[in-house]
Amino acid sequence: MVERWRKETHCFNFREGECTITLKDIAILTDLPIDGDVVCVDSTPPPKVVANMSGWQHFIWTVTGLCPPEKGDHDADGHPPLSKGQVSITWLTAEIRRKHNPEFGGIPLTEESSERDKEIYARIYILGMIGGVFFPKKSNNLISNSWLKIILGSWDDMGNLSWASACLAQLYRSLCNASARAVKEIDGAMFIVQFWAWEHLQWIAPKVDPDKDWGPDHPLRHEAYGCR
């Protein structure tokens with residue numbers, strides 16, 4: 001698929017003609033919202049407000065309740081928790097599990113947990129979805145700290161953004177970058193390319209049971225189309 005991508009037209013070039021992934025495809029396959037404000041990421045480092053923390057350390061602590069060390073420690077994938085304006089998703093998930101896993105002396109997250117703990121858990125989950133699913137880097141582990149400024153916003157502000165548009169723009173950029181002859185890796189939401197190809201190129205799609213009933217009682221009936 002990448003070899004058939006033409007960055008001049010943002011289309012896949014097939015023998016039968018050209019076709020491309022559209023915003024409607026993103027909306028149907030992922031259920032991300034189309035309408036809303038533009039997703040605009042601010043990469044300006046926050047000012048240092050605490051003597052023993054850098055600006056990013058304090059900002060990450062504000063969003064997640066966790067303070068990553070800038071030097072020394074590494075996560076399970078060998079990345080430092082905080083490096084060059086990026087935070088390790090592996091480190092974040094390991095720390096949040098340790099905090100709420102009884103095996104490590106943590107307190108399980110329940111309905112009786114504090115609103116602060118629930119909010120932190122939810123924001124880290126969303127951060128993981130952004131950095132690991134919809135806007136992943138080639139490392140598939142590091143996420144830009146700039147996303148934290150959006151994650152720290154109100155739930156309404158996050159929900160009123162056009163995430164599908166941002167995801168499609170990033171996907172186009174990833175395909176354009178990867179189409180260069182010398183490039184051997186690709187980032188971005190490649191699962192969308194796979195789902196799109198299965199939907200439009202029937203000869204490579206996995207076989208689906210023709211008798212499968214997607215009626216109102218099916219557990220995936222109301223999920224994003226790509227879940228099927």
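Quick caveat: nothing in here was measured; it's all calculated off a predicted structure.

Definitions and cut-offs
- Residues numbered from 1 in each chain as written.
- Predicted model: local features only at pLDDT ≥ 70, side-chain atom pairs only at ≥ 80, totals over all residues.
- Heavy atoms only, no water.
- Salt bridge = Lys/Arg side-chain N within 4 Å of Asp/Glu carboxyl O.
- Helix = DSSP H or I, 4+ residues; strand = E, 2+ residues; numbered from the N terminus.
- Buried < 20%, exposed > 50% of the residue type's maximum accessible area, 1.4 Å probe, protein only.
- Contact = heavy atoms within 4.5 Å.

> So what's going on with the pattern of salt bridges? Which residues, and what values?
Evaluated as defined, the whole model comprises two salt bridges. One salt bridge connects K118 with E115, and the closest N-O pair in it is separated by 3.8 Å. Placement of both K118 and E115 in helix α4 (residues 115–134) is noted, with a separation of three residues, approximately one turn of the helix. Judged by relative accessible area, K118 falls into the partly exposed class, the value being 28%. Ionic pairing is found between E119 and R123, a salt bridge with its closest N-O pair at 3.3 Å. A residue pair is termed a helical-turn pair when its members lie 3 or 4 positions apart in one helix, as E119 and R123 do in helix α4 at four residues. Residue R123 is classed as buried on the basis of its relative accessible area of 6%.

> Can you break down the side chain of S162 residue by residue, with the values?
Note on placement: S162 falls in the loop between α6 (155–159) and α7 (163–178). Those residues in contact with S162 that sit more than four places away from it in its chain are P33, I34, D35, G36, D37 and V39.

Fair warning: the whole summary comes from geometry, so function is off the table for now.
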